[in-house]
Amino acid sequence: MNNNPTVLEIDLSSIEHNLNFFRSKLQKGTKVLAVVKASAYGSDPLILSHFLEQQHVDYFAVAYTDEGITLRNAGIKTPILVLHPQISNLELLIEYDLEPNLYSKKIFLDFLHLSNRLKLTAYPIHIKFNTGLNRLGFKSSDTDFLLEQLKNQDSAYLSSIFSHLVASEDGNESVYSINQIKAFKSIADDFTTSLGYQPVMHMSNTSGIINYPEAHFNMVRLGLGLFGFTNDPKLNSSLKNVLSLKTVISQIHQIDMGQSVGYNRGFISQKDMKTATLPIGHADGFFRSFGQGMTSVEVNGHKAPVIGNVCMDMIMIDVTNIQCEEGDQVIIFDSQQDILDLANAASTISYEILTAFTSRIRRISI
Ligand SMILES: *Cc1c(COP(=O)(O)O)cnc(C)c1O
């Protein structure tokens, strides 16, 4: 049970709008995999995946096996690719009908050993190739080994092969990206020729969908774009904001000139003023770097700067010129620009802001 008045609202009609925007960029027949790792980018994995399943996305991806189990326990039926399954969890992964990304000889052979031992037939697996990110994946020179292994067994079925772009959002790195796409295409061709059946091929994340149509192959992996963000500010306005964070005023104080507010006297009043205290702090994911006037929230249509140091459970804001009282609603963010402003204040990217809000904050869909 969570009765926190601080609420992260998830606008599902915006998710639908954004999904359809990206679908409109695809050739007919190109599948959509929705990436719902990290609690669906900090929103709510169950609200998002139930909704996206109704929208007939073809696949889900999560990072870890536990995230996939959460979806299965909630009744999600869509295939789920586990991007970073961990060898120690492979048996659990099979138990929950999750599909592993196999990225190295060790995990690949361990999985085949297990699928043989469990006498599975045609269990769907996915193989990742490293085309330049140098994070997870086989080298192109491992292709012969993989084809040989796959042909000599029937416990696993190669559902897809994939790779990941290093800098799909960065036009200055387009040569690097195009080389990655070429390298993946050549691997894909080898599999098509030699495997005897056609696995799905995919390598585009959100920015890849926008910037590299030639990298769509027959599935794309859409994550951040669902929440209204791309690398291109112009395109963001064609997308809709999904997440809004709202709270209420706990208390109002009249502060005399020269008094301080908050821990370590982090703010000293230069005039007589009025402050409001809000029930959200750094333990909720409201970073300490958002304090000291670096960000503002919105009270009754007016901007109110965050003053002094962010506490673990609270912040104080300047509402000197704003009509407001205890219990009034406060909007911490409700637009893509608000979220980008928070990211700028903390010298980070939108991905990190979205995933920062902790489970203490209540999630609701609207
Ligand atoms: C997170 C992730 C994605 C989604 O990326 P976005 O930029 O959020 O669309 C796609 N593929 C892989 C392998 C990922 O880890």
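Keep in mind the model is a prediction, meaning the values are calculated, not measured. (Residues numbered from 1 in each chain as written. Predicted model: local features only at pLDDT ≥ 70, side-chain atom pairs only at ≥ 80, totals over all residues. Heavy atoms only, no water.)

**Digging into the packing of helix α1 (residues 12-23) against helix α3 (residues 45-54)**
No. 1: One can describe the packing of α1 onto α3 by two numbers: an axis separation of 11 Å at closest approach and a directional angle of 50°. Considering the angle they form, α1 stands oblique to α3. Judged by the twist between their axes, the crossing of α1 over α3 is right-handed. Between α1, through Leu12, Ile15, Glu16 and Leu19, and α3, the contact on the second element is made entirely by Ile47, Leu48, Phe51 and Leu52.
No. 2: When grouped by side-chain class, the residues that make up the contact of α1 with α3 number 7 nonpolar, no polar and 1 charged. (Axes fitted to C-alpha atoms, helices over the stretch in contact; angles between N-to-C directions. Helix = DSSP H or I, 4+ residues; strand = E, 2+ residues; numbered from the N terminus. Parallel < 35°, antiparallel > 145°, perpendicular 65-115°, else oblique. Left-handed = near helix turned anticlockwise from the far one by under 90°. Contact = heavy atoms within 4.5 Å. Nonpolar A, V, L, I, M, F, W, Y, C, P; charged D, E, K, R; others polar.)

**Brief notes about the sheet that holds strand β14 (residues 273-278)**
No. 1: Read from one edge of the open sheet, 9 strands run β11-β14-β17-β16-β15-β18-β10-β1-β19, paired in mixed fashion. The open sheet has two edge strands, β11 (251-255) and β19 (362-365), and neither has a second partner. Between one strand and the next, the sheet's axes are offset by a mean angle of 35°, whatever the strand orientation.
No. 2: Bridge count between strand β15 (residues 296-299) and strand β16 (residues 302-307): 4 bridges; the pairing is antiparallel. Bridge pairing in β16 places Glu298 opposite Lys303. (Pairing = 2+ DSSP bridges.)

**What about the site of the ligand?**
No. 1: Looking at the ligand, there are 13 residues lining it, with Lys37, Tyr41, Thr206, Arg221 and Tyr351 nearest.
No. 2: At 2.5 Å, a side-chain N or O of Tyr41 approaches an oxygen atom of the ligand.
No. 3: In this structure, Leu224 approaches the ligand through a main-chain N or O atom, which is 2.8 Å from an oxygen atom.
No. 4: Taken by itself the ligand offers 390 Å² of open surface, and the protein chains cover 94% of this.
No. 5: Of the residues contributing to the shell around the ligand, the split by class is 5 nonpolar, 4 polar and 4 charged. (Near = heavy atom within 4 Å. Polar contact = N/O pair within 3.5 Å; in protein donor to acceptor, adjacent residues only side chain to side chain. Areas by Shrake-Rupley, 256 points an atom, 1.4 Å probe, with all protein chains shown as cover.)

**A closer look at the state of the cysteines**
No. 1: The tally for this structure, following the rule as stated, stands at 0 disulfides.
No. 2: Unpaired in this structure, Cys311 has its nearest cysteine sulfur neighbour in Cys324, at a distance of 18 Å. (Disulfide = S-S within 2.5 Å.)

**Remarks on the packing of aromatic side chains**
No. 1: Applying the stated criterion across every chain yields a total of 13 aromatic pairs.
No. 2: Their ring planes at 20° and their centres at 5.6 Å tell us that Tyr41 and Phe227 sit as a pair that is stacked. Note that Tyr41 is positioned in helix α2 (residues 37-42) and Phe227 in the loop between β9 (219-222) and α10 (233-236), a separation of 186 residues in sequence. Each member of the pair Tyr41 and Phe227 is classed as buried. (Phe/Tyr/Trp six-rings, centres within 6.5 Å; stacked < 30°, edge-to-face > 60°. Buried < 20%, exposed > 50% of the residue type's maximum accessible area, 1.4 Å probe, protein only.)

Spatial relationships are all this shows, so hold off on functional conclusions.
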